[in-house]
Amino acid sequence: MVYNFNAGPSILPKEVFEQASRAVLEYNGTGLSILEIGHRTALFQEVIDEAMATTRELMKLDSDHEILFLHGGASTQFFQVPMNLLNESETAAYLDCGTWGKKAIKEAKLYGKIDVVASSKDKNYTYIPKGYTVPKEAVYFHYTTNNTIEGTQMHAIPDTSIPLVADMSSDILSRVMDFNRFALIYAGAQKNIGAAGVNMVIVRKDILGRVNRSLPSMMDFREHIAAGSLLNTPPVFAIYVCMLTLRWLKQLGGVAAIEAINDRKAALLYDTLDHLPIFRPTVAKEDRSKMNVVFVMEDEALEKEFLAECKANGMVGVKGHRSVGGFRVSLYNALPLASVQALTELMNEFALKKA
Ligand code: PMP
């Protein structure tokens, strides 16, 4: 038995693995593998249509928002977003609340003026900054909803009238939100949406078309919208896996249903951490992420030993990011509650042994 707590690419539902494997051998009785069908065939059109329709339904998106499946990972959005939204003379506001947000800021600076409205760098990004104001002249306000590496999460949508742009790579579809409040959302697929190799971008059409720079076609959101995400050959298999994962989520009851399960997983793990003094969660309590739980051990010397225990019990992906150390346990949508139960049992046993 393997318990997969990887931070991404990460666990996907078992049914998705089974269906995707079958489709590699033969897709839907066609005699063809999913890997050898043309992206402009009716067969693939059905796949991408279902992926888009299910996303719209799950996120309750209105007709002003377009859904795109693009290449390049979330990191491409760090520059594609300002390229499409920000003129050189204009200002965009950014929140500096983690490693990925910092990277987004670096790239955005290539395209316009960036006002970093607040930062939690002073405490190694272990909390979410609060009490900042977003300048009125900002064209948009960018933030990362969940900081995958540091384990913090923004639990409320910021209260501002400035168009919101969010990197939701590591918590999209994990909790109910008013997704229509966002002018643009992007997320790499490899955590809650599906397989690596594709990005989901959700954009409100009215924010596009106001920049005065020339955009290469592949970088222009409007071109991708016009082409229905088929401007060039898309990552067909990755989109297929997204469609299967989205279908799985819909069948399970949608975002509210998965949120209830995610809440139980996170509560169980944090309660265990809070009750066992040998472990110490590293982030401010009110900003704890329900997707990536980061903690260290009071006695650093025990970390190697606990890690070995995890390995011996089939628990993979629990080692913290190299920049933070300790442990990081990812609780994405497809991770069953039983995996968290197994891990917390191991933690309890380990703590008892060391008491
Ligand atoms: N943003 C966040 C919040 C992430 O967690 C990651 C990757 N883990 C990225 C951006 C970068 O994604 P990609 O590797 O797909 O470029």
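Read on for a plain summary of the structure. Because the structure is predicted, anything quoted here is derived from the model rather than measured.

### Overview of the pattern of salt bridges
Next, step 1: Tallying each qualifying case throughout the model produces 17 salt bridges.
Next, step 2: As a salt-bridge pair, Lys14 and Glu18 come within 3.1 Å of each other at their nearest N and O atoms. One end of the pair is Lys14 and the other is Glu18, both in helix α1 (residues 14-25) and 4 residues apart, which spans about a single turn.
Next, step 3: Its relative accessible area of 60% is what places Lys14 among the exposed residues.
Next, step 4: Judged by relative accessible area, which is 37%, Glu18 ranks as partly exposed.
Next, step 5: One connected set of salt bridges, linked through shared partners, spans Lys130, Glu286 and Asp287.

### Quick notes on unusual backbone geometry
Next, step 1: Along the chain, Gly8 connects to Pro9 via a cis peptide bond; the corresponding omega equals -5°.
Next, step 2: Residues other than glycine seldom take positive phi values, yet Lys60 does so here, at roughly 50°.
Next, step 3: Along the polypeptide, Lys60 turns up in the loop between α2 (42-59) and β2 (65-70).

### Re the site of the ligand
Next, step 1: Looking at the ligand, the residues that line it are Gly73, Ala74, Ser75, Phe78, Trp100, Thr144, Asn146, Thr148, Asp167, Ser169, Gln190 and Lys191.
Next, step 2: Ser75 has a polar side-chain atom sitting 2.5 Å from an oxygen atom of the ligand.
Next, step 3: At a separation of 2.9 Å, an oxygen atom of the ligand approaches a polar side-chain atom of Gln190.
Next, step 4: Against a free-state accessible area of 400 Å², the protein chains account for coverage of 86% of the ligand.

Basis of the calculations
- Residues numbered from 1 in each chain as written.
- Predicted model: local features only at pLDDT ≥ 70, side-chain atom pairs only at ≥ 80, totals over all residues.
- Heavy atoms only, no water.
- Salt bridge = Lys/Arg side-chain N within 4 Å of Asp/Glu carboxyl O.
- Helix = DSSP H or I, 4+ residues; strand = E, 2+ residues; numbered from the N terminus.
- Buried < 20%, exposed > 50% of the residue type's maximum accessible area, 1.4 Å probe, protein only.
- Near = heavy atom within 4 Å.
- Polar contact = N/O pair within 3.5 Å; in protein donor to acceptor, adjacent residues only side chain to side chain.
- Areas by Shrake-Rupley, 256 points an atom, 1.4 Å probe, with all protein chains shown as cover.

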